[in-house]
Amino acid sequence: MDFQPRLGVVTRALKLAAPDLMHFFLVAGSVFICYCMMGFLIFGNSLPWFATFGSSINTCFEMLLGEFADVNAALRDLGGLQSVAGALFFWSFELLVFLILLNFLLAIIVDAFNEVKGSTKEQTGIHVELARLLLDKWHWLVGTWSRRYIGARKLDAIMQGWAGILEDEEAQEAAETAATAAAAASKHKGDDSDEEDEPKVLQVLGETVDEAALTQILVAVLQDGGNGSGKGGKGIKGDNEVDPGEVEAAAHFIIKRFGKSTRKVAEQALKELGPGGRELEEERDKLAAALERLAEVQRELAEAQRNLMAGQKQLGQQQSHLVGLITQHAAVGGNGGEAADDVNDSEA
């Protein structure tokens, strides 16, 4: 039953409880056989329910299942010491086997089930999977009446035509079918937006691919195949030409047929994270916001550093200009002193 996770919980619980169940049945079986033997030896000559050892086993098992009204009445009707032995036999059997040992059995199974259930992540139930299969089948049946429907054979013909496997006539027919589907898809694009409020994405190898990305991937693959050598480079147009309408129609069909809504993808990711997935998502958002604020602070610091460097550069230029002025003034003062000395010398 491990092919379905929710069904596998039952089988894994029984497997986990198997050692305890073996010891329990060893003890409970010994006690049960002792009571069967006591009933046969004490009441075999008086009551038909215990006349043989086999009938005694059958009677004790019926008492274990709750069918003990007739046996209890017959034990009470016994006279003498047998009535006292019958009361002790009945009440001790009910208390020890029916109440204590049977509840031990339930406790062992429930404890193993809780342990397996606690270690298992929340998974989709089989009823949900069946509902999805039926809903998917219903969408397929309804989609066959749509003018945008592409059958499996036609889709296979389109793919083979792209791969260059089909003959020219078959490839041309497939191309015409794809072109018709592309025209209908573009014509009813507004209807699709009304019918499907949420966009769908495709999950491939852990990556999420939307319709636009899938179209680009198909175009790139077809172009690479067209540039290659051999028969695979033929293409549906015959000259390594890729029709965008055909590619868009195929991508639209694949996303609509196999894609999931973005909301469901997000919910599935939260379920896979476990019970604390939502808290982990919130913590991740807070961390991303904190990193964004840190990056903003770093940008502000870099801007302030650039402004500081620009101010230092301007201050250096002003300092150089001031030094130049001082040097020029000193030079002018020295020339004036020499001229005065010359005048004094001439007067003397």
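How each quantity is defined
- Residues numbered from 1 in each chain as written.
- Predicted model: local features only at pLDDT ≥ 70, side-chain atom pairs only at ≥ 80, totals over all residues.
- Heavy atoms only, no water.
- Helix = DSSP H or I, 4+ residues; strand = E, 2+ residues; numbered from the N terminus.
- Buried < 20%, exposed > 50% of the residue type's maximum accessible area, 1.4 Å probe, protein only.
- Contact = heavy atoms within 4.5 Å.
- Areas by Shrake-Rupley, 256 points an atom, 1.4 Å probe, with all protein chains shown as cover.
- Pairing = 2+ DSSP bridges.
- Axes fitted to C-alpha atoms, helices over the stretch in contact; angles between N-to-C directions.
- Salt bridge = Lys/Arg side-chain N within 4 Å of Asp/Glu carboxyl O.
- Phe/Tyr/Trp six-rings, centres within 6.5 Å; stacked < 30°, edge-to-face > 60°.

Enquirer: Please provide a residue-by-residue account of the overall build of the chain, values included.
Expert: Counting its regular elements, the chain contains 12 helices and 3 strands. A total of 348 residues make up the chain; the buried ones form 24% of that total. Expressed as a percentage of contacts within the chain between residues at least 6 apart in sequence, the contacts between residues at least 24 apart total 68%. With the model as given, the accessible surface of the chain reaches about 24,200 Å², and the carbon-plus-sulfur share is 61%.

Enquirer: Explain the sheet that holds strand 1 (residues 200-204) to me, using residue names and the numbers behind them.
Expert: Strand order across the open sheet formed by 3 strands is 2-1-3, with antiparallel pairing between neighbours. Two strands in the sheet have a free side with no partner beyond their single neighbour: strand 2 (207-209) and strand 3 (260-261). In this structure, strand 1 lies alongside strand 2, joined through 3 bridges in antiparallel fashion. Its bridge partner being in strand 2, Val204 is matched across the sheet by Glu207. Along the sheet, helix 10 (residues 244-258) contacts strand 1, strand 2 and strand 3; its crossing angle with strand 1, the most-contacted strand, is approximately 85 degrees.

Enquirer: Provide a residue-level description of the pattern of salt bridges, including the pertinent values.
Expert: A complete count under the given rule lists 2 salt bridges for this structure. Residue Glu303 pairs with Arg306 through a salt bridge whose shortest N-O separation is 2.3 Å. Separated by 3 residues within a single helix, Glu303 and Arg306 lie in helix 12 (residues 277-347), roughly one turn from each other. Since its relative accessible area comes to 47%, Arg306 is described here as partly exposed.

Enquirer: Please provide a residue-by-residue account of the packing of aromatic side chains, values included.
Expert: In the structure shown here, the tally under the stated rule is 10 aromatic pairs. Each ring, one from Phe40 and one from Phe53, has its centre 6.4 Å from the other, and the planes form 80 degrees; the classification is edge-to-face. Taken as a pair, Phe40 in helix 1 (residues 5-43) and Phe53 in helix 2 (residues 53-64) lie far apart in primary sequence, 13 residues in all. By relative accessible area, which is 29% here, Phe40 ends up partly exposed. A residue is classified by how much of its surface remains accessible, and Phe53, at 29% relative accessible area, is partly exposed. Ring geometry for Phe43 against Phe89: centres 5.6 Å apart, planes inclined by 65 degrees, an arrangement best described as edge-to-face. Of the two residues, Phe43 sits in helix 1 while Phe89 sits in helix 4 (residues 81-118), which places them 46 residues apart along the sequence. With respect to class, Phe43 is no different from Phe89; both count as buried.

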